[in-house]
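Descriptive analysis of the structure
Read off the chains here:
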Amino acid sequence: MTSYMQGSLSPRARAELAPKIALRKRIMELGLPDRIAPGGWLVRTAGENLFGHTTAVFFPEVVLPGREYPAGRALPRPTLGLHTICSTFHQSGIASFYCAATVGNDDDPSSLGWHAIQLGLPAEQPYTPFLDAAAALNFRRRERAYNFLRYNTETAGIPAIAVPEEFSKEHLRVTFQTGFFSEISDIDGIFWGQQHTYPLEIKEKTPAPSKDLGPYFGLDVGPFVKLAFYAAKRGNLHSIFVVREIDNPETRNLVSWWFVTFDHMAQFASWVQQGGGKTMTGGVSSVVRIPKAEFQELNAASLAAL
């Protein structure tokens, strides 16, 4: 599993795993393990006159080491919680799928196949081959496969408990993107509130100073626009930006956990963008600035109020 992720994970994606893993641990420490669910992939069509016309979300089954996933097995029934999540996405116009795995040969990721079942519909749907389900959504097929296993990323630091989930997500992403053109973005996790379902955006940050805003946290424009997309869909679909505040980029020691809902963030985010760090292509990202004072401390009481 880790050798596969060495090729599929970009160095930036590898770095962004740490706060996701840490948040899951934090939620469990707060006694709310049933309120958070693993994430998946948000994808939409790409191409002239097609861009963004179809959006879907894929949640993978977690492939566990030592367990058998033979071809022809009885594929799992999605959990009631996942049905709830996917119903929320479906009501917002986002087709939602659970993807189950079969494995032909042990320790051979190329023999892993995916099968998709659409959730959120009034009637139960059958499983179909994953790539057939994607093609039915009008994603444009690639004429030749693209090499998504081109990195040599260090994965030794990923906690063993997190490897199966991240491997499953990465394998599903590579399977999809090898076959289709798309714009794709990670859903870091899902949090169930008392009234709303919240997709999560999780980052590790140090606050930056500003005479106008006071200390602030920055969020790259891309993730901000994704959260705005959720807001445009409305329904019961809201979102949360979670920050693991660290002391500095070198030691990365935890200072505190913070969060802000997108509804609140959009009211107080600065209208003036700021240059951020380097992008994967060597350019400079643009950052939306949100005053730290508008974040809430992430604790049991604040989460219970959502």
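All values reported here derive from a predicted model rather than from experimental measurement.

1. Some remarks on the environment of Ala18
By the element assignment, Ala18 lies in helix H3 (residues 17-29). Relative accessible area serves as the criterion here: at 35%, Ala18 is assigned to the partly exposed category. Sequence separation of Ala18 and Gly157 is 139 residues, and the distance between their C-alpha atoms is 9.2 Å.

2. What about the sheet that holds strand E11 (residues 240-246)?
Pairing is mixed across the open sheet formed by 6 strands, whose spatial order is E1-E8-E9-E11-E12-E15. With one partner strand each, in any of the chains shown, strand E1 (36-37) and strand E15 (296-297) form the two edges of the open sheet. The pairing of E11 with strand E12 (residues 254-261) spans 7 bridges and is antiparallel. Bridge pairing in E12 links Ile246 to Leu254. Helix-sheet contacts for helix H4 (residues 80-91) involve E1, strand E8 (189-192) and strand E9 (197-205), and the interaxial angle to E8 is about 95°. Packed on one face of the sheet, helix H7 (residues 221-233) meets E9 and E11 and runs near 165° to E9.

3. A word on unusual backbone geometry
A positive phi angle, near 75°, is found at Asn138, a position not held by glycine. Residue placement: Asn138 occurs in the loop between helix H5 (130-135) and helix H6 (163-179). The backbone of Arg252 shows a phi angle near 55°, a positive value even though the residue is not glycine. Residue Arg252 is classed as partly exposed on the basis of its relative accessible area, which comes to 36%.

4. A short note on H6
For an α-helix, 3.6 residues make a turn, and residues three or four places apart therefore share a direction. An ideal rise of 1.5 Å per residue puts 24 Å on 17 residues; H6 measures up with 24 Å between its terminal C-alpha atoms. With 15 of its 17 residues buried, H6 lies for the most part within the structure.

5. Quick word on the pairing of E9
Across the 9 residues that make up E9, a large majority, 9, are buried. Of the two faces of E9, the one holding Thr197, Pro199, Glu201, Lys203 and Lys205 and the one holding Tyr198, Leu200, Ile202 and Glu204 are both buried throughout. As judged from the 4 bridges shared by E8 and E9, these two strands associate in the antiparallel manner. Residue pairing across strands places Phe191 opposite Tyr198, the latter belonging to E9. Count of turn residues in the E8/E9 antiparallel hairpin: 4 residues. Both E9 and E11 contribute to a ladder of 6 bridges, which runs parallel. Its bridge partner being in E11, Leu200 is matched across the sheet by Ile240.

What counts and what doesn't
Residues numbered from 1 in each chain as written. Predicted model: local features only at pLDDT ≥ 70, side-chain atom pairs only at ≥ 80, totals over all residues. Heavy atoms only, no water. Helix = DSSP H or I, 4+ residues; strand = E, 2+ residues; numbered from the N terminus. Buried < 20%, exposed > 50% of the residue type's maximum accessible area, 1.4 Å probe, protein only. Pairing = 2+ DSSP bridges. Contact = heavy atoms within 4.5 Å. Axes fitted to C-alpha atoms, helices over the stretch in contact; angles between N-to-C directions. Expected span 1.5 Å × (residues − 1).

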